[in-house]
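Overview (structure and organization)
Below, each chain spelled out in residue letters.
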Amino acid sequence: MVTLAEVAQHAGVSASTVSYVLSGKRSISTTTRQRVEQSIRELGYHPNAGARALASSRSNIIALMIPLRTDMYVPVMMEIAIAVATTARTHGYDVLLLTGEEGPDAVRRVTGSGLADAMILMDVELEDERLPLLRSTDQPSVLIGLPADTTGLTCVDLDWSATGALCVEHLAGIGHRDIAVIGEAPAVYERHTGFAERTLDGLRSRAREAGVRVLHRPCEGGYDAMALTLARIFDERPGTTGFVVQNESAVEPLLALLRQQGRAVPEDVSVVAVCPDQVAVQASVRLTSVAVPAQEMGRHAVEHLVAKLDGRGTDEVVLIAPELTVRASSGPAPAAS
């Protein structure tokens, strides 16, 4: 294992100079810094994590709080987590994954123990219990999600309100006047999870403006739950011709049930999904969809967090504009019989 002294000898500087280059505690000339960095690369030197933390008062670790709940679509959560981890690594940080449903206790554990230099929080609720602690600590943090009150916080998210509005605009624009929204599992709305609530708000608001009727029904996902939900929708609104699906687990069951009922997509009913592109293009009918930009969300969160750690960041809300891609699942509303 290469030592700090060997790096110093290779670069022709003192061991303390190498230490200052690594910690950034003192100003080092550009020429000397570049010589030390070149020696580090050539020798393959990796500072001892414990010693580095003691010397710099930093762990070079970012804590990612990502509660893995059974009512959430885990592949999207993990895609965001991978984007966080890979982007963090390019900035010299490792990621500590906290997957339990600990709420404020997880924040206390990180801030009180020095486990990490900063935090990224996911699965954000409108009135999230973790926020008072975040506001009271000096430790930098970024939310992937948008609470009701963003004061004193940095948030990165898809513009879910605009996403809901975009789905209605597309269906209304091709003549659909009765739209059913198949939402996430009921528990997601009971927690007032930000992305689900905001999508619904944007959808309903644009529907009122367009004179379109909307019926929202949460769904656990899976064939049996979808069958009950779909039967309820057509019982309450027999004239429904447009569907917006914000529940990846419900996509294929919905398409299968519509086929069994003799309802052709898109000739009889149109389906628009809010989901990853992979889900949309691999469905039995290629879905018109608004993509969830998981990688972009993770990357932006880390970049804003690193800026804060470097003393350059400010509290702000970054909303990613939604993009709707038209595929085979949406078409003009059928003529009224």
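What you are looking at is a predicted structure, and each value in this text was computed from that prediction instead of being measured. (Residues numbered from 1 in each chain as written. Predicted model: local features only at pLDDT ≥ 70, side-chain atom pairs only at ≥ 80, totals over all residues. Heavy atoms only, no water.)

**Some details on the nonpolar core**
Under the convention used in this document: Here, nonpolar core refers to any group of buried Ala, Val, Leu, Ile, Met, Phe, Trp, Tyr and Cys residues whose side-chain atoms link them within 4.5 Å. Only protein chains enter the accessibility calculation, which uses a 1.4 Å probe; a residue whose area is less than 20% of its type maximum is buried, one above 50% is exposed, and one in between is partly exposed. Helix and strand definitions here come from DSSP, where helices need a minimum of 4 consecutive H or I residues and strands a minimum of 2 consecutive E residues; each element is numbered from the N-terminal end. How far each domain reaches was decided by an automatic or database domain assignment. The criterion used for residue contact is that any of the two residues' heavy atoms lie within 4.5 Å.
Of all hydrophobic cores here, the largest spans 47 residues; its most connected members are Leu64, Ile80, Val84, Ile120, Met122, Ile144 and Val244. The greatest single-element share of this core, amounting to 7 residues, is contributed by helix H14 (residues 294-309). Of the residues that make up this core, three or more belong to each of domain 2 (61-158 + 294-320) and domain 3 (160-292). When near neighbours in sequence (up to four residues on either side) are disregarded, valine 84 contacts Leu64, Val95, Ile120, Ile144, Gly298 and Val302. Counting 26 residues, the second largest nonpolar core, distinct from the first, contains Met226, Phe234, Cys275 and Ala283.

**Some details on helix H6 (residues 104-113)**
The condition that has to hold: An arc is given here, and it is the one of the directions from the helix axis to the C-beta atoms.
Along H6, the residues that are buried comprise Pro104, Ala106, Val107 and Val110. One side of H6 carries all its buried residues, which in axial view fall inside an arc of 160°. Of the surrounding elements, those touching the buried residues of H6 are strand S1 (61-65), strand S2 (94-98), strand S3 (118-121) and helix H7 (131-136). Of the residues one or two after H6, glycine 114 is the one with positive phi, at around 75°.

**Describing the state of the cysteines**
Heads up, the rule is: When two cysteine sulfur atoms lie within 2.5 Å, the pair is treated as a disulfide.
By the definition in use, this model includes 0 disulfides. Counting only cysteine sulfurs, cysteine 275 is the nearest neighbor of cysteine 219, a cysteine outside any disulfide, at a range of 15 Å. Note on cysteine 275: no disulfide assigned, nearest cysteine sulfur contributed by cysteine 167 at a separation of 9.7 Å. Residue cysteine 275 is classed as buried on the basis of its relative accessible area, which comes to 1%.

**Some words on the domain arrangement of the protein**
Note the following rule: Each of two parts loses accessible area, computed with a 1.4 Å probe, when they are put together; buried area is these two losses added. Here, a salt bridge means any side-chain nitrogen of Lys or Arg that lies within 4 Å of a carboxyl oxygen of Asp or Glu. Three classes are used: nonpolar for Ala, Val, Leu, Ile, Met, Phe, Trp, Tyr, Cys and Pro, charged for Asp, Glu, Lys and Arg, and polar for all others, with Gly counted as polar.
Here the domain parsing of the protein yields domain 1 (4-47), domain 2 (61-158 + 294-320) and domain 3 (160-292). Once you take the C-alpha centre of each, domain 2 and domain 3 turn out to be 29 Å apart. Each partner contributes to the interface: domain 2 provides 16 residues, whereas domain 3 provides 19 residues. The largest contributions to the domain 2 side of the interface with domain 3 come from Asp71, Tyr73 and Leu158, which together make up 39% of the buried area. Where domain 2 meets domain 3, there are 2 salt bridges. With its nearest N and O atoms 3.9 Å apart, the salt bridge here joins glutamate 125 to arginine 191. Only strand S5 (155-158) and H14 provide two or more residues apiece to the side of domain 2 that touches domain 3. A per-class count over the side of domain 2 that touches domain 3 returns 11 nonpolar, no polar and 5 charged.

**Here we look at the environment of methionine 77**
Inspection of the secondary structure assignment puts methionine 77 in helix H5 (residues 74-90). With relative accessibility at 8%, the residue methionine 77 sits in the buried group. Counting along the chain gives 11 residues from methionine 77 to isoleucine 66, while the straight-line C-alpha distance between them is 7.5 Å. With residues near it in sequence (within four places) discarded, methionine 77 still touches Ile66, Pro67, Met72, Met122 and Asp123.

**Points about the packing of aromatic side chains**
In this description, a pair of aromatic rings is defined by centroid distance and the angle of the planes. This is how the line gets drawn: When two rings of Phe, Tyr or Trp (its six-membered ring) have centres within 6.5 Å they constitute a pair, described as stacked for plane angles under 30 degrees, edge-to-face for angles over 60, and tilted for the intermediate range. Only Lys NZ and Arg CZ are tested; either one counts as a charge over a ring when it is within 6 Å of the ring centre and within 35 degrees of the ring normal.
The tally for this structure, following the rule as stated, stands at 2 aromatic pairs. Seen from their ring centres, phenylalanine 234 and phenylalanine 243 are 5.9 Å apart, and the 75° between their planes marks the pair as edge-to-face. Exposure remark for phenylalanine 243: the relative accessible area of 0% places this residue in the buried category. The positively charged end of arginine 263 is found above the aromatic ring belonging to phenylalanine 234, 3.6 Å away from the centroid.

**Here we look at the sheet that holds strand S10 (residues 288-290)**
This is how it is decided: Pairing between strands is defined by DSSP: at least two bridges between the two strands are required. Helix axes are fitted only over the stretch in contact, all axes being lines through C-alpha atoms; the angle between N-to-C directions runs from 0 to 180 degrees.
Spatial strand order, S7-S6-S8-S9-S10-S12: 6 strands in an open sheet with mixed pairing. Whereas interior strands pair on both sides, the edge strands pair on one side only; in this sheet they are strand S7 (213-218) and strand S12 (324-325). The sheet contact formed by S10 and S12 spans 2 bridges and is antiparallel. Its bridge partner being in S12, serine 289 is matched across the sheet by threonine 325. Along the sheet, helix H8 (residues 160-173) contacts strand S6 (178-183), strand S8 (242-245), strand S9 (270-274), S10 and S12; its crossing angle with S9, the most-contacted strand, is approximately 165°. Here helix H12 (residues 251-260) sits on the sheet and contacts S6, S8 and S9; the angle it forms with S8, its principal contact strand, is near 160°.

**Overview of H12**
Among the 10 residues that make up H12, 7 are buried, leaving the element largely enclosed by the rest of the structure. Taken together, the buried positions of H12 are Val251, Pro253, Leu254, Leu255, Ala256, Leu257 and Leu258. Those residues of H12 hidden inside the fold are in contact with S6, helix H11 (223-236), S8, S9 and helix H13 (277-282). Glycine 262, located one to two residues past H12, shows a positive phi value of around 75°.

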